[in-house]
Amino acid sequence: MTTATTEETKNVPQDVKEPVKDGADAVAETNNKQTENNDKKPAVAEKDDKVAAPAAPVEPPQPKFSVKKQNFDKDVVYLYQFSRTPVIPSMSPYCLKVETWLRLAGLKYENVDHKMKHRSKKGQLPFIELNGEEIADSTLIIKELSQKFGKDIDAALSQDQRNISHAMISMIENKLVWVITWWKTKTPENVIKGYKVNLQHALGTWVPNGVLNFLFKHSYSRKGLKKVKAQGIGVHKPEEILEFGQNDLKVLSDVLGDKLYFFGNEPSTLDVVAFANLAQLFFLDKDVECQLRDYLVDNFGNLVEHTNRIKERCFPDWEDMCKNLDLNSHLPKPPPVEEKPKEDGDKKAAENKNTEKEAKETSDEKVSEGDGKKEGEKEPEDK
């Protein structure tokens, strides 16, 4: 019995020899092993941390500006518009509107001489760049700058006056401006003559003006007439379009009355918009035929006086900028480089010449005294 029992015990598999643990003991043992493993992990991590070198500080990336003028000054408005002409700062009423407002508001600005090569992301002129950001559309430009710099020139207007201003500006920019545009696109040769445009200078090219004028007349007229027709005013007869413009001028004249400006003694945005559009007519060369210009001059003296008043107040450098086609005649010019007087230069040159002459004469005298012989040289026997 005893022998059999011993052999049976030997034949039992090894894993059965240990007593079988119940479920609770097995779970407890598993949890204890997992705890031991977790306790070992921080030590390994701590060891890794001690070995790893500290990471170098990462510098923040420099901001990238999506503007054309990268080397800008803070809070300076960079204005992109059309080139100057000999009779008016800009052929575009919207460009002239923005520049007039900038001068009234007293903001620092600089015109960028881009030779009309650039347009805004919306495909427009004018547009501005301010602190690395682009703002397009004349109305939005004035709105954004007014809010940023606290330069609301309409701050003194009542709500009724603001409503009148809004309605009048809408009339000018949605009706009168299209009457003037129709006249320009209908007779593009009068645009070149009336504003005395030098396309070679305006575009910064060496192409002859004859070729440029031909291309301008064809392109400007074709594209302009399409826009005028799409707007709606271009489908009317010429006499009807002219009457639309005359009616708008009469409304402007009635609202202005005998006041200095539309709402009293200080100009507002309405004054700026009216000036920018009336100037397109009033400052045309007198030899160019324009019925709407003649109607303005003959019938609305108060509008003519208003136009001249804004010009004198905002553009004291008008004559200079138009004569020299200077985009930034309002900015101080660097002092001229001092040149040495010409007399001093001539005197110094004369002194050098005299010194050379004296040296030459002295050399000739020495040669003459020695008969041109070298030292130790014998005379010829036949002498």
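What you see is a predicted model; the values in this text were computed from it and never measured. (Residues numbered from 1 in each chain as written. Predicted model: local features only at pLDDT ≥ 70, side-chain atom pairs only at ≥ 80, totals over all residues. Heavy atoms only, no water.)

J.: Run through the sheet that holds strand β2 (residues 109-111), naming residues and quoting values.
T.: Spatially, β2-β1-β3-β4 is the arrangement adopted by the four strands of the open sheet, whose pairing is mixed. Among the strands making up the open sheet, the edge pair consists of β2 and β4 (133-136). Recorded for the sheet is a direction-independent mean angle of 25 degrees between the axes of neighbouring strands. (Pairing = 2+ DSSP bridges. Helix = DSSP H or I, 4+ residues; strand = E, 2+ residues; numbered from the N terminus. Axes fitted to C-alpha atoms, helices over the stretch in contact; angles between N-to-C directions.)

J.: So what's going on with the nonpolar core? Residues and values would help.
T.: Among the nonpolar cores identified, the biggest contains 54 residues, and Ile172, Leu249, Leu252, Leu292, Leu296 and Leu303 are the most heavily contacted of them. Contributing elements (two or more residues each) for this core: α6 (159-186), α7 (188-194), α9 (209-231), α10 (238-256), α11 (269-282), α12 (291-299), α13 (301-314) and α14 (318-324). What Leu249 contacts, discounting residues up to four positions off in sequence, is Leu176, Leu278, Leu292, Tyr295, Leu296, Phe300 and Leu303. Of all hydrophobic cores here, the second largest spans 15 residues; its members include Trp101, Tyr109, Ile128 and Leu130. (Core = buried A, V, L, I, M, F, W, Y, C linked by side-chain atoms within 4.5 Å. Buried < 20%, exposed > 50% of the residue type's maximum accessible area, 1.4 Å probe, protein only. Contact = heavy atoms within 4.5 Å.)

J.: Please set out the packing of α10 against α12 residue by residue, giving values where relevant.
T.: One way to put it is that α10 packs onto α12 with a least axis distance of 10 Å and a crossing angle of 25 degrees. As summarised for this structure, α10 and α12 are arranged roughly parallel, according to the angle between their axes. Every pair of crossing elements has a handedness; the one defined by α10 and α12 is right-handed. Listed contacts from α12 to Leu242, Gly245, Gln246 and Leu249 of α10 are Gln291, Leu292, Tyr295 and Leu296. Taken together, the residues that form the contact of α10 with α12 break down as five nonpolar, three polar and no charged. (Parallel < 35°, antiparallel > 145°, perpendicular 65-115°, else oblique. Left-handed = near helix turned anticlockwise from the far one by under 90°. Nonpolar A, V, L, I, M, F, W, Y, C, P; charged D, E, K, R; others polar.)

J.: Describe the pairing of strand β1 (residues 77-80), with residues and values.
T.: Going residue by residue along β1, you find Val77 and Leu79 tucked away on one face and Tyr78 and Tyr80 tucked away on the opposite face as well. As for the winding sense of the linkage, the β-α-β connection from β1 through helix α4 (residues 93-105) to β2 is right-handed. For β1 and strand β3 (residues 127-130), the ladder comprises three bridges, and the chain directions are antiparallel. Residue Tyr80 lies in a different strand from β3, and its bridge partner there is Phe127. (Right-handed = clockwise from strand over helix to strand, strands pointing away.)

J.: Let's hear about the side chain of Ser146: which residues, and what values?
T.: Locating Ser146 in the fold gives a position in helix α5 (residues 138-149). If we skip the residues at most four places from it in the chain, Ser146 touches Trp101, Lys151 and Asp152.

J.: Report on unusual backbone geometry, specifying residues and quantitative values.
T.: Along the chain, Leu125 connects to Pro126 via a cis peptide bond; the corresponding omega equals 5 degrees. Structurally, Pro126 can be placed in the loop between β2 and β3. Despite not being glycine, Lys115 shows a phi value in the positive range, around 55 degrees.

J.: Any details on α5? Residues and values, ideally.
T.: Its twelve residues give α5 an end-to-end C-alpha distance of 16 Å, which sits within 8% of 16 Å, the value for a rise of 1.5 Å per residue. For α5, the set of buried residues is Ser138, Ile141, Ile142, Leu145 and Ser146. Considered in projection along α5, the buried side chains sweep an arc of 125 degrees and stay on one side of the axis. A side-chain oxygen of the first residue of α5 lies 3.1 Å from the backbone nitrogen of Thr139; this N-cap is Asp137. Remark: Gly150 follows α5 within two positions and exhibits a positive phi of approximately 65 degrees. (Expected span 1.5 Å × (residues − 1). Arc of directions from axis to C-beta. Polar contact = N/O pair within 3.5 Å; in protein donor to acceptor, adjacent residues only side chain to side chain.)

J.: Go over the packing of aromatic side chains with me, naming the residues and quoting the values.
T.: All chains considered together, the criterion is met by eight aromatic pairs. Taking the centre distance of 4.8 Å and the plane angle of 15 degrees together, the rings of Phe216 and Tyr220 count as stacked. With Phe216 and Tyr220 both in helix α9, this residue pair falls four residues apart, about one helical turn. The buried category is assigned to Phe216, whose relative accessible area is 18%. Here the aromatic rings of Phe275 and Phe315 are separated by 6.3 Å at their centres, their planes lie at 25 degrees, and the arrangement is stacked. Taken as a pair, Phe275 in helix α11 and Phe315 in the loop between α13 and α14 lie far apart in primary sequence, 40 residues in all. By relative accessible area, which is 0% here, Phe275 ends up buried. Looking at Phe315, the relative accessible area reads 2%, which means it is buried. Among the aromatic side chains, those forming a connected cluster through ring pairs are Phe275, Phe282, Phe283, Phe315 and Trp318. (Phe/Tyr/Trp six-rings, centres within 6.5 Å; stacked < 30°, edge-to-face > 60°.)

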